[in-house]
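# Descriptive structure summary
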Amino acid sequence: MLAAHGIRPGVVVSVEDDAPFGGPRIIRLGPARLAIARVVAAAIRVRPEPAADAARTR
Amino acid sequence: MSAVEAGELACHRPAATETEASGEAPAAGAVDGDGSPVIAVVGRPNVGKSTFFARASGRYAEVANVPGTTVSMARRHVRLGGRAAVLVDLPGAFTLTDRSEGLPAFWELLLAARPDAIVVVVDAGDLRRHLPLALACRDLGVPIVVAANLADEAGARGIEVDLGRLSQLLAAPVHRTIGRQGVGVLAAVGDAIRLAGVRSSGDRAAVRRALPVPPYPADVVRRVSALAGRLAGGDVPTDHVPPELLSAVAAGRLSPVGAATIVAAEHLEPERWAVAERWAAQVERRHAVRPPLADRLARHVTAPWPGLPLFALVTLASLGATMALGTFLSNVLGSAWSAAVSPVLTAVVTALVPIPALAAATLWALDSGLLAMVSVGIPFVLSFYLLLAVLEDSGYLAGAAVLADRIFNALGLPGRAAIPLLAATGCNVPAIYGTRVLDSRRERLLASFLITLTPCSARSAVVIAALAPFAGPLAAFAAFGVVGLIALSAGLAANALVPGHQSPLVLELPPLRRPIARQVGAKAWFRFSSFVTTATPVMLAGSFVLGGLYETGAIGPIGDAIAPLVRGLLGLPPVAGIALALAFLRKELALQLLLVLAVAEYGAGASSLAAFMTSGQLFVYAIVTAVSVPCVATLATLAGEFGWRSALTVSGATLGVALAAGGIVARLVGIA
């Protein structure tokens, strides 16, 4: 499901906000905004991207 | 293990045996009955595909600025530049192998449409995530035209696309389109019709020229070719290949290579994404611009602050506006009906139908039945649909769904369920149709259960009219509070009792957009007309039966049968029980019916509710009416969507909940 949304190895994502009450995490992927349940978001492995306020999935 | 890793691992499957592949696309495409070529419109959810379709065909098909709302296919005959074609709008898809519960895979839907060409609608501002689907469609061997849609929004974000270059890379025509304004739409569809003509005329050379060189690595191409060779030879073990795919190849609807790209989708998808990434980098030019206002606002909608207060405000304002507009329309239409239509109907029916009881029952149906549609159904449902269309098309609803997601999770539902539940306060019937936006049957059933527990405008009117004048407005508010609590507890219980679990949310948020009046109107009208055609016959039949029971006196034995339950459990006079039971046929009549029956039973003195029921009894009556068994139109809709067994289970559950809650409240207020 994540892959179909474009969350694939090597892409740059950034976290925008968290919905209240433990709701979904809103992430940015290029121009797109995705709302992803926390439990799913936790499964995305990221490492910080040097020289940018963004993160990179591995 | 993360989903990303799982995707990688899935690639390591044993390679297929190598044989020669033909690589030929079928020469003659399937054409519609009258020989017109079929053009399928394909795109990721929320790319404006249905708006594009409406622009191209001149007709509205169900569309919303909420992902996943095209729930069935729409087919339209179009004529462009002297050429006829059939345009088919498909549901939004991420990949060809998408499969939603209870539905065939997307490629099956696509093949069922028998397309001679495909228009792939992509987001010009987000090619990286949209080109893979275009590549997948192209790999099928069907000619494609790419519509680089939402070009205006891409421009506002400083993204410019070299369409000529993209067209070269894809070896397919690419059109700049703005679906909302109709820019480029007809040109794109015209191009697709032209390509479809080339294909169905059997010009193999032209088709071959149009066939692109695959941009994939050699090993992947070899694997697909090998698979295609085996598919062409028919020696594929069926446990690896869906039988539908084999029959499509056998029928010549799909080339073996096209079929192989579906079978090998898991291997091809990562390559498609890699190609999309490369190509997007080649054709995109970015200018630094200040993000558009809509983008900056979008973030505030989903942030806890100011998103939550805004959510509360929008919800209250929506309900207020629906109620205000609905009441206004209701009064206007209702008095027009009583003044102009009722007397005529009465005169005509009395003159034409000789048997008095039959004439009276017919009048129940034609006069009061239609009046109910005109004065309750139409005003509230239409105003709600208009408002809902505005909220959807503005993109606000998707943001609100994310905000509310966690709250609805407790009920086993995603935040999207807020939409049909809000619709339920107008009328349950369209709300149950609205549950089609949910993913699984479980979610749809849980949502429908909550919907039937939600008082619609007719039931709300009963609560207000029964309580406000006799027990005070506070009692009416309290009743709504109690009903809310009942629905909440029942929803929690249902989530715990119904087997299965909820899939976690992954949702793409649409940007905020200014709704277009014409589109809002078309959408509201489209849904409204399907409501009218569903509800009207049921209302007519229900009212006729109700009239018949009343006029023939058959109502008496029914009352005797339920008296012990009504008096013993709920502490209400037996007449109230009859009204409650018959309100199944017409909810908004729960009150009028009670009065009519009370007068028949207790004489003229009972013409005021207060004369034969205490405030406590009215309170219980209002709550049971609001919660118990849905009306006959709702039951019919439930049966149509889920089958009779589930429909009766849901209705039975609401009856159980209503009686239990009514019994408890009756004891609390001391009337039983």
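Let me sum up the structure you'll find in this document. Keep in mind that what you see is a predicted model, and the values were worked out from it rather than measured. (Residues numbered from 1 in each chain as written. Chains lettered and ligands numbered in written order. Predicted model: local features only at pLDDT ≥ 70, side-chain atom pairs only at ≥ 80, totals over all residues. Heavy atoms only, no water.)

## Topic: the overall build of chain B
- Along chain B, the regular secondary structure elements total 29 helices and 9 strands.
- When each of the 672 residues of chain B is scored for burial, the buried share is 55%.
- Considering only intrachain contacts with a sequence separation of at least 6, the fraction spanning at least 24 residues in chain B is 76%.
- Accessible surface, chain B: about 27000 Å² in total, of which carbon and sulfur atoms supply 65%. (Helix = DSSP H or I, 4+ residues; strand = E, 2+ residues; numbered from the N terminus. Buried < 20%, exposed > 50% of the residue type's maximum accessible area, 1.4 Å probe, protein only. Contact = heavy atoms within 4.5 Å. Areas by Shrake-Rupley, 256 points an atom, 1.4 Å probe, with all protein chains shown as cover.)

## Some details on the overall build of chain A
- Counting secondary structure elements, chain A contains 1 helix and 5 strands.
- When the helices and strands of chain A are read in sequence order from the N terminus, they spell out β-β-β-α-β-β.
- Within chain A, the proportion of its 58 residues that are buried is 52%.
- Of the contacts made within chain A by residues no fewer than 6 positions apart, 32% connect residues no fewer than 24 positions apart.
- Just so you have it, chain A exposes about 2700 Å², and 58% of that area is on carbon and sulfur atoms.

## Concerning the interface of chain B and chain A
- The interface of chain B with chain A comprises 31 residues on the first partner and 32 residues on the second.
- Together chain B and chain A conceal approximately 2900 Å² of surface at their shared face, both sides included; 65% is due to carbon and sulfur atoms.
- Counting across the interface, chain B meets chain A through 1 salt bridge.
- At the boundary of chain B and chain A, one finds 10 residue pairs in polar contact (both at pLDDT 80 or more).
- Looking at the side of chain B that touches chain A, the elements that each hand over two or more residues are α1 (3-9), α12 (265-283), α13 (293-302), α14 (304-352), α16 (396-409) and β9 (506-509) of chain B.
- For the side of chain B that touches chain A, the leading source of residues is α16 of chain B, giving 5 residues.
- Residue composition of the side of chain B that touches chain A, by class: 17 nonpolar, 4 polar and 10 charged.
- Here strand β3 (residues 32-36) of chain A pairs with β9 of chain B via 4 bridges, running antiparallel. The partner of L34 of chain A across the bridge, within β9 of chain B, is E508 of chain B. (Buried area = accessible area lost by both parts, 1.4 Å probe. Salt bridge = Lys/Arg side-chain N within 4 Å of Asp/Glu carboxyl O. Polar contact = N/O pair within 3.5 Å; in protein donor to acceptor, adjacent residues only side chain to side chain. Nonpolar A, V, L, I, M, F, W, Y, C, P; charged D, E, K, R; others polar. Pairing = 2+ DSSP bridges.)

## A look at helix α6 (residues 163-170) of chain B
All names here are of chain B.
- Among all positions of α6, only L166, L169 and L170 are buried. Each buried residue of α6 sits inside an arc of 90° when the element is viewed along its axis, so together they form one side.
- On its buried face, α6 sits against α4 (127-139), β5 (144-149), β6 (159-161), β7 (174-176) and α12.
- Structurally, the start of α6 carries an N-cap: the backbone nitrogen of G164 is 3.3 Å from a side-chain oxygen of D162. (Arc of directions from axis to C-beta.)

These results come straight from atomic positions and should not be treated as a statement about function.
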